[in-house]
Structures are given as structure tokens and as C-alpha cells.
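Read off the chains here:
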Amino acid sequence: MSQTAPTGDNKPNPEAGSVVFKRKGFQFMGLGTQDFIRFFFGGNASLAIIILILICVFLAKEAFMFFPQHHAGLKDYRQSGQEFVDYIGDEIGAHTNLYSSANIAYFAEVNRTSREEDDILRAHRAVLANLENLTSKTWGRFEREVDALEDVGDDLEDLDPAKEEDQPKIAALQEEKERLEKEIVKFRVELKEEVSAAINTNEAWELGVGSDAPPPESLPKLREAVLFEASPEVDEEHPYIAELKAVSKAKKAAAVEEFADFKATLKAMQDVVRPLKSLHSEIRSIASENKAVLVKLSTAADRKEAWIKGAAATKDPDEKARMLAEAEKVVIEAPDYDAMAEPFYEVIPEHAALIAPIDTEMAVLFQQLPDKVETRSAHENLKRAKVYYDRFVKTVAENRENIKGWSHEKPVSAVESVSSFLFGRDWITNSSWHDVYGLLPIFTGSLLISIIALVVAVPFAVSAAIYVNQLAPLREQNFVKPAIEFIEAIPSVVLGFFGILVFGETLRVVSQVEWLQWVPGFPMAERLTILNAGLLLAFMAIPTIFTLTEDALNNIPQALTENSLAMGASKLQTVFRVVVPTAVSGIIAAVLLGFGRIIGETMVVLLVAGNKIKIPDFTEGIGVIAQPTHTMTGIIAQELAEVDAGSLHWRALFMVGMVLFAISLIVNFSAQRVLKRFQKI
Amino acid sequence: MHDQATDPPLQKSENPFQKKITPQKRQDAVVSTVLRMATYFILICAAFIFLDIIRKGAPVVFQTEFPFVNTKFFTDSPETLMTFETEDGTFYKMDFSDYSQWKRDNPEGRIVEEHSHAYSGGGIFGPLVGTALLTIICIIVALFVGLTTAVYLNEYSSKGRFMDMVRLAIMNLAGVPSIVFGLFGLGLFCFVAPVITGEPQERSILNIPLFGGNFLAFQGWGTSMIAGGFTLAVMILPVIIAACEESLKAIPMGFREASLALGATKWQSISKSVLPYAFPGMLTASILGITRVAGETAPIMFTAALAHKDKLPWQDTDSIGGFFSQSVQAMPYHIYTVAARIPQSEYTKPMQFGSVFVFMVLVMCFAALSIFMRINYRKRVKW
């Protein structure tokens, strides 16, 4: 369009002066004002495009430098023998998991018989603590008075009544003492009143998450005992509590007797790995030393250079000489990997000799675990122990091969450095042993939160869009549409703030409600969970999905609707059989873009998701939503400020950013493809 | 109405105007009610969040006596709040500066039960100023580059595959998460961007010698106001370009053609008969940009923001360069700090809800303005 427009600028005009359109004067190197204006705009446009290209370049540069560095780190990990040590560590870890589950089961069984008493005792402790909190101010003042009284008493003792000059002091102190004693009496009464008022409040009876309420018939006695112990004069146990304690103790002793076999099995389990554990800690320290040596040697060149540079910069000759001497001292040499690996090769037969009996004995011991237990906790933990046993057996079998075939010279492939990032199951940083950068925990966290948010947001947003666009009267439309668009403007940090201070607690309280217990994951022990973050993000995504869906519905040709109505379809039949199916591509695109918005959201998840770096435990099914997690965006925001520029950790975070970038591009791109593909209808 | 077609033929005895309630109608009513409830549920949730924040935040900002607004909250910067009790049981609550003064005035007062609550005293002047500065820098840069780019793309550039690709890329970048822009800003503006300096730092990538012993050193601007402003500008650049181009496209071709036909130059026709009509649309875009930028936390977290700063930006420096290269406090980052990085207690609540209330109201005002302007603009402009 613009090319064909007759600007009349660049063409030479031989008849200047005689024409109506006179050319303006300014010209430079054959270019007129219009050309410069054009270049100005063009230059700015290319600047914008260059900046946007730079984004990709910079991200890619910082991110892909991660892999060579990561590769070197993995190589060090292998050559220092840490990998070897971790094989044995895995076996011990697998055993520990098994043992601790069985142990929990054991204690659940032992405590079963005295459960009722224990519940009452636990409630007793909780209520006492609550009361103390509720009356802490008066308590503090009371105790201060008591301390002051003691001080006065001490002072009195120091003074000698026989001495003449002490008499006035003694008299003053006596007076003070009497005053304090009176105050204390007064405070006692006050405290007693406060305690008896506080015990009637609901806060006093909050037992904390996960503890069972004591049986109702014990409540009057419990209350009496608490009141008795909370009063300031008493420093002893109420007889009821003492009795309960004795009963609980006796019952436990009987139960221990009953489960003596179980206990013996557990003990045998623990004993059987002891030699392996000591071997592990022995070689672990060797590997640690190796790593320290490697780090020292790898930084030697830099340190030497720094000393020399420092020497060049300083003016003091003594200082210069000292620095040069320091530089001389730094040894640059290649590490002797063979010598480092030597001890590990020696350990291989020893390990084989140790692990074989452990394997067979554990099989026997595992069979000895009781299969019939009464409490639910014990049952679940034994079930878990079964899973852990299988895992243990698998680990031992795998690691037998790994250890036999271990070689410090085996090269680390490039694929390994990529795949251990993309599919790594751990993200461990700032550890003294070995940092691991695995994407899976944070990726699953982000994905889980996004899925929950979408599952909640899509029905609401789409039905709101259908209602507003197709069914609502015009006046209602004019109110609802801007109102929902308005939600989009809520800053994410405000929503996150709301989640952490208000919504989290509300959600936790709601999850304790009796008749909601069918919801998976309820009751929730924590405030900051996947569910909390998911619901808030759903709220954030609703306006995006709503607006785009509404647009898509708006773009449906009027003729389609009119035809359908003319055929005798009702309004809703038209909506659901004609309008929505036609707009489905737009709706899919809207959902995709909503997903893009959710997965890139930072502040809400940083504040609300709980920030625990671990792959969520899926054994509970959908109940996984009650766990805390960490996300890709959250981890960048949380850790980037604390790492050195250019370090492996820093590059790992850039790599996470790159993954986010890729996800958002793919989502946007596919949304556009979907739109285009279906738009041809 | 429309569904009369499905009605059975009339019988003579019946009232022909009586509405029939068929099962289909009943079903329609039920489904429609469900959809309506979903719509209003969203609005109720939003209203709940607003009202909750207003209920808890408004008492901090407003007061019952003259001048009805807690001026101290708007004119002080965040401080540590001290709570303590003296021996005689009187309870005191004051900012740290007042606390030092009090201690000087009452040297004999024995303090018991002393607690400090970080960032919970004082007001929010520092963060407000910081956010305003960041937003202004960002909007100036983004509007300048965004507007000119949009003019070029819509008025000057030739149509073709290349330009389509550029548009597609810009549209795609609009959806990139803000934290990724933060990473980029950190990489480019904090570590690589050029500065003119006499003594380049060691990390500088490239030093170009200039006159007078100065260098153009590519060493980055460090964590600074200007780095944060530019990062934010890059973040909303795609949005601004798209919005400005949209409003340019809405101007009918006839305006340009008529102007050119009258003998105006290209630039004259753009400046006289296109830009003035596109102006309201661009203003809306820029206000929308302000709304988004002021609320963003992630991109400034490591490029510009700082949790605590004693002095206001103009007290800290005497040169213009120094002014722009200092880090600032910012409202969203301040909210993040008081929400998640300090131990919670009842004394931290006023600061938390007060700042969120003020921040939300500010951002919402801009948002409301942009929505209002857009609706108005659509109503008014009809060619």
C-alpha cells in the first residue's frame, strides 16, 4: 500500500517552481526528510526486534553453557569416587527406608493398647500449653514479681541484722518484700481468674493437626486436672494425670512384652547393615578428600593468576615479594585420578562379601515381620515396608552390577549430562557432597499446580463466557464483562499475599470440616499446598480464558445462530449444538493460552506453593494436592539472587528459564495453529 | 420467544397467549441458571478478596480524626517496629528511630519483653517512589520504542513473509513468563549493557576507548533502577507494539489516502491524519502497560529491587548517573518481603494489609481507567 502511494519525494523534478507540489529543501546524500523519518521509524523497529532477538540469544547462551559445566561436574563426581560411594549409600538408604517404616509400624502397635490414655495425655499437654499462651502476659508479670521477691530475699540474707548501718536497708527491703508478697497474692487471684476464663474459650481446646480428640467421658476430669495444674500455687501433677501416666506405662510394657519378636526382628535388621555402614562412612571420607583436592587443583591456575595480578598492582615491594612467593607456592598439576580411585577398587571385594549375607538375611528377616496388625498406621507402614523391601532388593541387584563394573575412567557421555538434568529426580544445591540439578521435581510441581488450576478455571471461565455472550441481557453483559476483565489487573503478588495470609488458613480450616472428608487430601496439615496455589492460579487464569472464549463466541457468524433458531431449536440447544461446537477451536486456544499464563506465573507459587523441592508422593492418588511443592518459576525467583554469576547453579537456573521459555513458545504457537486450522470453517 | 415453533398447535379452548412450560424450557432454565451461578461465583470470589483486603487494610490507611488519612503511612519509609513493655507494665509500640530517641530520653526505664518486627514500622513512601520511578522509566522507553515500531510496521513496512514472521514472533513473546524476562534483564542489563567509565571493571566484556581516557565498557549497569526499568520495558514491549498497531490499523485507509491525495507528504499524512485519531487507543495501551508493569515483581526481583534502603533515591546521590544506577525499593517487592520473608505476628499485620491495600487500589485505579477508556473509545469512535 504505502509503496504505491505517490509521495513525490525521491523522483527528481525537473520543472521545480512551475508545479503545485514543490519539493522541500532539505537533502543529504540524496536522501530527503521523508527518508530520514522513515529510517528513524525503521531503526526503532529493528532496535525492538534486535532486543527481542537478544532475549533468545542471551537466554540460550547462559543456558546452554550449563551443559559443558555440568558435564565437567559429573566427570569429577565419577573420578573422585563419589559416584561409587553413592552406590553403597543408595543401598543403605533403601535399607533405612524399610527399617524406619517397620519401626513406625512397631511403635504404632505398641502404643495401640494405651491409645486412649495417650490421647488424653496429649490433649492435656496441648491445653496446658494453649492456656499458657493465652495468659502469657500475666504469667510474665507474675514470674517477674516472683523473681523480684527472690532477689529481695537474697539481698536480705546478705545483710547482717546485727550491723547498725544495715538496719535502714533491711527495713526498706522488708517493706519491699511485704509489698511484693501482696502483689503476688493479687496476681495469683488474677491469674486464676484469667485461667478459668481462658479454659472456656475455643482456642484453649485446639489440639493441633492430626491428634485425636480424647474420649468425651474423660473431658470433665481432664478439665479439672488442667485447671488444677494451671493455677499458680501448684507445682505437681494432678492425681488423675499421674494415674493415667502409670496406666499408659503399664499397658505399654505389656505390649512390648507381646511384640518381643517384632522388636527382635527390627534389631536384627539394624545390626545386619552395621558393617556396611561403617565401610560406607570410611570410603565416603576418602571421596570427600578427593573432591577437595580436585576443586583445589581446578582453581589453582586462577589463584596463581590472581596472586600475580595482585603483585603487579601493589606498590609496596615487600608485599609484592610476598605475593609472588605465594604465587610460586600454587602448584598447577593434573590430578592423579588413578591414585584417587585406588581405594575404591580395593573395596569392591569387601563390599561383595558384605552385601551377600545382608541380602539373604534381609529376605529372612522381612518374612519375619508380622503380617497381621491391628492399627491402621501399622498396616499402612507395613504395606509401605513391602514396597521399600522390593526397592531394596532391586537396588542391591542393580548396584551389584554397577559396583562390579565401576571404573573411574569410564567417560561421561554428553547425553548423560543432558538427560541427568532433564530427567533427574533430585534438585540438591549448596551441599558439601555433590550438587544435583534434576528438573523433574520442579517440573512436576509446576505441572500439578497448572493442572489443578486448569481443572478449576476452565469450567467456570467457559460457562461464564457462554452465559455472558449468549444468554445474559445486554445490561448484565455490560456489567459482568468489565468486572471479570478487572480481575486480570489484580497484581499477582497481591493474590499470593492473600493466599499466604488469608486463604491458606481458611482452606486448612475448611479441610478439617467433618462432612468434607471425602475430598481427596483432606484434612490438610499444611497451609501452603499445591491445592492452595492451584486455586489461586485458577482465579488468575479465569479472566484470560474468559476473555478469549468470549471473543471466540463473538466471532461466530450470526447466520448460524439464526438458522438454528429458525429451525425451531431452543436458545440453549442453539448454544450447545451450534455455537459452542463452532467456537471450539477458539475455546481450545483460550485454554492453551490460559495454561501458558499459569505455568509462567511466579509470585503466587513462590509465596503459596510451600517451596519444598521434592517429587510429590503420588501414593495417595489425588490426595497429592495436599502436599507442598516447588515450581520452575519459584525456584528461579528464590535461588537466583543468592548464586554467583556464571556458576553451575546459576546456569542451571537459566536452563530452567530456557525450559519455561520453550514451554511458553510451544503453547502460544500451538494456540495460534489451533485457531488458524479451525478458522477456515 | 424463539421456541414457539416447537409448541403444539393451538386448541380453541386454551388461552393462546398463555406461555407453555415444556420440559425443554425447564431444562433450558436450569442450565441457564447453572451458567449464571458460575459467572456470579467468580465475581463473588473477586469481591471477597477485595473486601477482605479493604476491611483489613483501610483502617491502617484511614483514621477517624482530621485529616482522616494516616499521613505518616504515606510519608515515612519502612522501618523496624519495636514493641516492648517497661517494668511497670506499660506497653509501647514505636518505630526504631523513635525507639532510640525514647531510650535516650528515658535512660532509667528498664525494658522487659522487647520484640523487633522487621519492616513493620514506618510507612511506604520509599517503595511508592521506587515503583513510580521504575514505571516511569519503563513507560518512557517502552512507549518510545513500541510506538515507533508499531508506526513502522503498520505504515512503512512492506507486506511479506518476513514481516509476518516478525509479527508472529512479537505476538509469541507477549506470552513469555515475566520471570524469564527477569533472567534476560539480569543477563543483559545488569551484566553486559554499556557504560561510560574511567575505570572499567574486570568483568567487562569489551572496552572501547573514548576521548579523555574514558571507556565505553560493556560491564553492565548492576542491580539498578535503570536496569529494572529497561527490563520491564522489554517485558511489555510486545504488548505495547501489538496494542499500538491495533489502534493504527483501526484508522480507515481512506484517511491516509485522502491526505496523500491532497498532496501531503507521507509523514504529514501520518502525523496529521493518522496519529491523532490513533492517540486514544495508544493512551489506553500505555495505561494498560502501566497496570501490568506496576504489578510485576518477578522481573525486578534481581534487577532492581531492594528490601531495605534508608534514604530516598534523591538523597543518596548527587549526579544523574548515580541517581539511575542505584537500586530502589518497590511496592510489589516490599509486599513480597513483608508477606513471606519476615516472621509473622500481630504487629506485622497493619503494615502488610496497609501496603497491599494501597498498592491494590493504585493498580486497580489504573486498570479501571484503562477499561473505562476502552469502552468509551469503542462507543465513540465509529467511522
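One can find the structure itself at the top, above this paragraph.
Rules used throughout
- Residues numbered from 1 in each chain as written.
- Chains lettered and ligands numbered in written order.
- Predicted model: local features only at pLDDT ≥ 70, side-chain atom pairs only at ≥ 80, totals over all residues.
- Heavy atoms only, no water.
- Helix = DSSP H or I, 4+ residues; strand = E, 2+ residues; numbered from the N terminus.
- Buried < 20%, exposed > 50% of the residue type's maximum accessible area, 1.4 Å probe, protein only.
- Axes fitted to C-alpha atoms, helices over the stretch in contact; angles between N-to-C directions.
- Parallel < 35°, antiparallel > 145°, perpendicular 65-115°, else oblique.
- Left-handed = near helix turned anticlockwise from the far one by under 90°.
- Nonpolar A, V, L, I, M, F, W, Y, C, P; charged D, E, K, R; others polar.
- Pairing = 2+ DSSP bridges.
- Salt bridge = Lys/Arg side-chain N within 4 Å of Asp/Glu carboxyl O.
- Contact = heavy atoms within 4.5 Å.
- Buried area = accessible area lost by both parts, 1.4 Å probe.
- Polar contact = N/O pair within 3.5 Å; in protein donor to acceptor, adjacent residues only side chain to side chain.

**Student:** Looking at this model, I keep getting lost on unusual backbone geometry. Mind explaining?
**Tutor:** If a residue is not glycine, its phi is most likely negative; likewise, a peptide bond is most likely trans. With a phi close to 50°, A:Asn611 is a non-glycine residue in the positive phi region. Topologically, A:Asn611 is positioned in the loop between α23 (603-608) and α24 (632-639). Residue classification places A:Asn611 among the partly exposed residues on the basis of a relative accessible area of 24%. Although it is not a glycine, B:Tyr119 adopts a positive phi angle of roughly 60°.

**Student:** What is the right way to read the packing of helix α3 (residues 82-112) of chain A against helix α14 (residues 376-404) of chain A from this model?
**Tutor:** How two helices pack is summed up by the angle between their axes together with the distance between the axes. Residues and elements named next belong to chain A. The N-to-C vectors of α3 and α14 enclose an angle of 165°; their axes lie 8 Å apart at closest approach. Here α3 is positioned roughly antiparallel relative to α14, judged by the angle of their axes. Like other packed secondary-structure pairs, α3 and α14 cross with a definite hand, here left-handed. Residue classes in the contact of α3 with α14 are distributed as 17 nonpolar, eight polar and four charged.

**Student:** Just to check I follow, could you spell out the sheet that holds strand β1 (residues 78-86) of chain B for this structure?
**Tutor:** What links the strands of a sheet is backbone hydrogen bonding, and the strands pair in either a parallel or an antiparallel sense. Residues and elements named next belong to chain B. Spatial strand order, β2-β1-β3: three strands in an open sheet with antiparallel pairing. In this open sheet, the two edge strands, each paired with only one partner strand, are β2 (91-95) and β3 (111-122). Taken over all neighbouring pairs, the strand axes of this sheet differ in orientation by 20° on average, direction set aside. Bridge count for β1 against β3 is seven bridges, and the pairing is antiparallel. Within β3, the position partnered with Glu79 by the bridge is Gly121.

**Student:** Hey, could you run me through the pattern of salt bridges in this one?
**Tutor:** Close approach of charged atoms allows side chains with opposite charge to pair. Summed over all chains, the structure comprises 25 salt bridges over all chains. A salt bridge links A:Lys267 to A:Asp271; the shortest N-O distance between them is 3.3 Å. Residue A:Lys267 and its partner A:Asp271 are both found in helix α9 (residues 260-272); the two are separated by four residues, about one turn of the helix. A relative accessible area of 31% places A:Asp271 in the partly exposed class. One salt bridge in this structure joins B:Arg167 and B:Glu245, with 2.8 Å as the shortest N-O distance. Of this pair, B:Arg167 sits in helix α5 (residues 161-173) while B:Glu245 sits in helix α7 (residues 225-249), and the two are 78 residues apart along the sequence. One network of salt bridges, with partners in common, ties together B:Asp164, B:Arg167, B:Glu245 and B:Lys249.

**Student:** Hey, could you run me through the interface of chain A and chain B in this one?
**Tutor:** It is common to report an interface's size as the accessible area lost on association of the parts. Contact with chain A, which involves 88 residues of that partner, is made by 97 residues of chain B. Of the roughly 8000 Å² buried between chain A and chain B, counting both surfaces, carbon and sulfur atoms make up 78%. When the buried surface of chain A facing chain B is broken down by residue, A:Phe41, A:Phe486 and A:Phe497 rank first, second and third, together holding 8% of it. Along the contact surface separating chain A from chain B lie one salt bridge. Between B:Arg36 and A:Glu476 there is a salt bridge, with its nearest N and O atoms 3.4 Å apart. Across the contact surface, chain A and chain B share nine residue pairs in polar contact (both at pLDDT 80 or more).

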